[in-house]
Amino acid sequence: MNPFIYNIPTKVYFGENQLHNLGKELSKFGKRVLLTYGGGSIKRIGLYDRVIEELRNANMEVFEVSGIEPNPRIESVRKGAQLCKEKNIDVLLAVGGGSTIDATKFMAAGACVDHDPWEFFGADAKPLERALPIVTILTLAATGSEMDTAAVISNLETGDKLGRLAPALLPKVSFLDPTLTYSVSKFQTACGAADIMSHIIEVYFNTQQDLFMLDCFMEGMLKTIVKYAPVALAEPENYEARANLMWTSSWAINGFINGGKRKAWSCHPMEHELSAVYDITHGLGLAILTPRWMEYCLDESNVDKYVSYGVNVFGIDASLDKMVIARESIRLTAEFLFDTLGLQRTFTEVGIKREDFELMARKACRYGDIKGFKTLTQKDVENIFEMCL
Ligand code: NZQ
Ligand code: ZN
């Protein structure tokens, strides 16, 4: 087990009827709040009015940035950072999915510096040491942004979608009410499940063998998704299913399962290039890539990982030949993503074309080979893209 630091002090209010604590929590940081949200789903589900009422009751002065895009753009971040400076904002309240929370994180960081927020990204990124406090109300179980130090921002001008990790970006408080996800569409529910699954698989498929406890934890989380995502699709207002998915989304990426493991991810760097060029939904891109990447990486040296995954997550008969179990585990993963969750299974179906493979693979390897479960060169990434056609 490698040395690691675990320090995720986000305070979580989980469950229904917790929003009456919102004013109290925000007031700890000051009275001037920047409320941020996306394209309007929070108004359609009545959440906006509830939030405004809580803020009024707490005598908060409220400013807003709305219309934050899925795959959030740097322009929204600039707008929010500027407003924070102009209005002397004390605390940011993000209400929405990962896109709203991610954009808000960089508004909060951008408010503390003089340079353009895009300079936080890339090879010559500026230091990110401070951000205004961030509070979130999550409405979609997927990215884990509500409890992690990461955020991913798109820049259409440069054709980049880039992520960054920094402790300053960690939300101070997050409200996780599963009932707020009842209105999430089947498609976004499926994409969210695929995203959570990928966050776990990216860590679970690792050549280190010495973290039995964490492997068991991850298998449990993967089983939770396999069990409850289909329930949430069939019965969108099933509290048990939505609650299990929501809490799994936070724990999949809040730093706990990474502890002591080599951390490089494989499918995420590839997927971010798909979203950068085609603006597709993150979880959908991951779903298409994941089974192909698993197939591409499989060999005699790493087959045991597929065996434990197949046996412990999907219940494959452990007495079968190892390679048979491994191949079956990949087939069942694909079946779950494409048949059970109903996601599209190929690049062709979502309009991703071979002519962009070289560019996307080159950018996926912009910092060198992807050193994950198996090291991937630019050529390997192109080969995996080919398998997705
Ligand atoms: O914009 P609104 O109107 O709110 O609608 C959103 C959006 O259209 C809708 N939605 C959200 N909650 C809803 C709802 N619709 C009905 N009822 C609700 N309760 O769902 C759509 C997608 O929302 P979005 O926030 O884009 O989805 P998600 O949470 O999947 O976030 C995706 C973004 O997060 C990044 C992704 O790359 C992508 O840009 N990621 C962030 C990570 C992180 N911070 O750690 C890690 C992830 O791997 C990922 O890269
Ligand atoms: Zn993800």
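All of these numbers come straight from a predicted model, not from anything done at the bench.

**Section: the overall build of the chain**
Stage number 1. Secondary structure summary: the chain contains 15 helices and ten strands in total.
Stage number 2. Its C-alpha atoms give the chain a radius of gyration of 20 Å, near enough to 21 Å, the size a compact globule of 389 residues would have.
Stage number 3. Dimensions of the chain along its principal axes, counting C-alpha atoms only, are 65 × 45 × 45 Å.
Stage number 4. For the chain, buried positions account for 59% of its 389 residues.
Stage number 5. Intrachain contacts of the chain at a sequence separation of at least 6 include 77% that bridge at least 24 residues.
Stage number 6. Only carbon and sulfur atoms are counted for the fraction: they give 51% of the accessible area of the chain, which is about 15900 Å².
Stage number 7. On the chain, the mean spot of the 41 positive side-chain charges and the mean spot of the 50 negative ones are 3 Å from each other.

**Considerations on the domain arrangement of the chain**
Stage number 1. Domain boundaries in the chain define domain 1 (11-180) and domain 2 (185-387).
Stage number 2. In this structure, domain 1 and domain 2 have C-alpha centres spaced 27 Å apart.
Stage number 3. Contact residues are listed per partner, giving 28 residues for domain 1 and 26 residues for domain 2.
Stage number 4. Where domain 1 abuts domain 2, roughly 2100 Å² becomes buried across the two surfaces, and 60% of that area is made up of carbon and sulfur atoms.

**What to know about the coordination of the zinc ion (ligand 2)**
Stage number 1. Distances from the zinc ion (ligand 2) to its protein donors, namely Asp195 (OD), His199 (NE2), His268 (NE2) and His282 (NE2), fall within the range 2.0 to 2.2 Å.
Stage number 2. On the primary sequence, the residues serving as donors to the zinc ion (ligand 2) are separated as D-x3-H-x68-H-x13-H. Here Asp195, found in helix α6 (residues 186-204), pairs with His282, found in helix α10 (residues 282-297); they are 87 residues apart in sequence, far enough to count as distant.

**Section: the sheet that holds strand β2 (residues 32-37)**
Stage number 1. Pairing within the open sheet is parallel, and its six strands lie in the order β1-β8-β5-β4-β2-β3. A single partner strand is all that each edge strand has here, and the edge strands are β1 (11-14) and β3 (61-65). Taken pair by pair, the neighbouring strands of this sheet meet at an average axis angle of 20 degrees, ignoring direction.
Stage number 2. Note: β1 against strand β8 (residues 173-176), four bridges, orientation parallel. Within β8, the residue paired with Tyr13 across the bridge is Phe175.
Stage number 3. Together, β2, β3, β4 (91-96) and β5 (134-138) form the strand contacts of helix α3 (residues 47-57), whose direction differs from that of β2 by roughly 175 degrees.
Stage number 4. Packing against the sheet, helix α4 (residues 74-87) makes contact with β2, β3 and β4, and its axis sits at approximately 155 degrees to β3.

**With respect to unusual backbone geometry**
Stage number 1. Here Asn59, not a glycine, exhibits a phi torsion of approximately 55 degrees, which is positive.
Stage number 2. Among the secondary structure elements, Asn59 is positioned in the loop between α3 and β3.
Stage number 3. The backbone of Asn71 sits at a positive phi, close to 55 degrees, despite the residue not being glycine.
Stage number 4. Mapped onto the secondary structure, Asn71 falls in the loop between β3 and α4.

**Focus on the site of ligand 1**
Stage number 1. Around ligand 1 sit 31 residues, and of these Ser41, Gly98, Ser99, Asp148 and Lys161 come closest.
Stage number 2. Here an oxygen atom of ligand 1 and a side-chain polar atom of Asn71 are 3.3 Å apart.
Stage number 3. Between ligand 1 and the protein, one listed contact pairs an oxygen atom with a side-chain N or O atom of His199 at 2.8 Å.
Stage number 4. Within the complex, 89% of the 960 Å² of free accessible area of ligand 1 lies under protein.
Stage number 5. Of all the secondary-structure elements, those providing two or more residues to the shell around ligand 1 are α5 (98-110), β6 (150-155), α6 and α9 (267-278).

About the thresholds
- Residues numbered from 1 in each chain as written.
- Chains lettered and ligands numbered in written order.
- Predicted model: local features only at pLDDT ≥ 70, side-chain atom pairs only at ≥ 80, totals over all residues.
- Heavy atoms only, no water.
- Helix = DSSP H or I, 4+ residues; strand = E, 2+ residues; numbered from the N terminus.
- Rg over C-alpha atoms; globule rule 2.2 N^0.38 Å.
- Buried < 20%, exposed > 50% of the residue type's maximum accessible area, 1.4 Å probe, protein only.
- Contact = heavy atoms within 4.5 Å.
- Areas by Shrake-Rupley, 256 points an atom, 1.4 Å probe, with all protein chains shown as cover.
- Lys, Arg positive; Asp, Glu negative; His and termini not counted.
- Charge placed at Lys NZ, Arg CZ, Asp CG, Glu CD.
- Domains from an automatic or database assignment.
- Buried area = accessible area lost by both parts, 1.4 Å probe.
- Donors = N, O, S within 2.8 Å, 3.2 Å for Na, K, Ca; no water.
- Pairing = 2+ DSSP bridges.
- Axes fitted to C-alpha atoms, helices over the stretch in contact; angles between N-to-C directions.
- Near = heavy atom within 4 Å.
- Polar contact = N/O pair within 3.5 Å; in protein donor to acceptor, adjacent residues only side chain to side chain.

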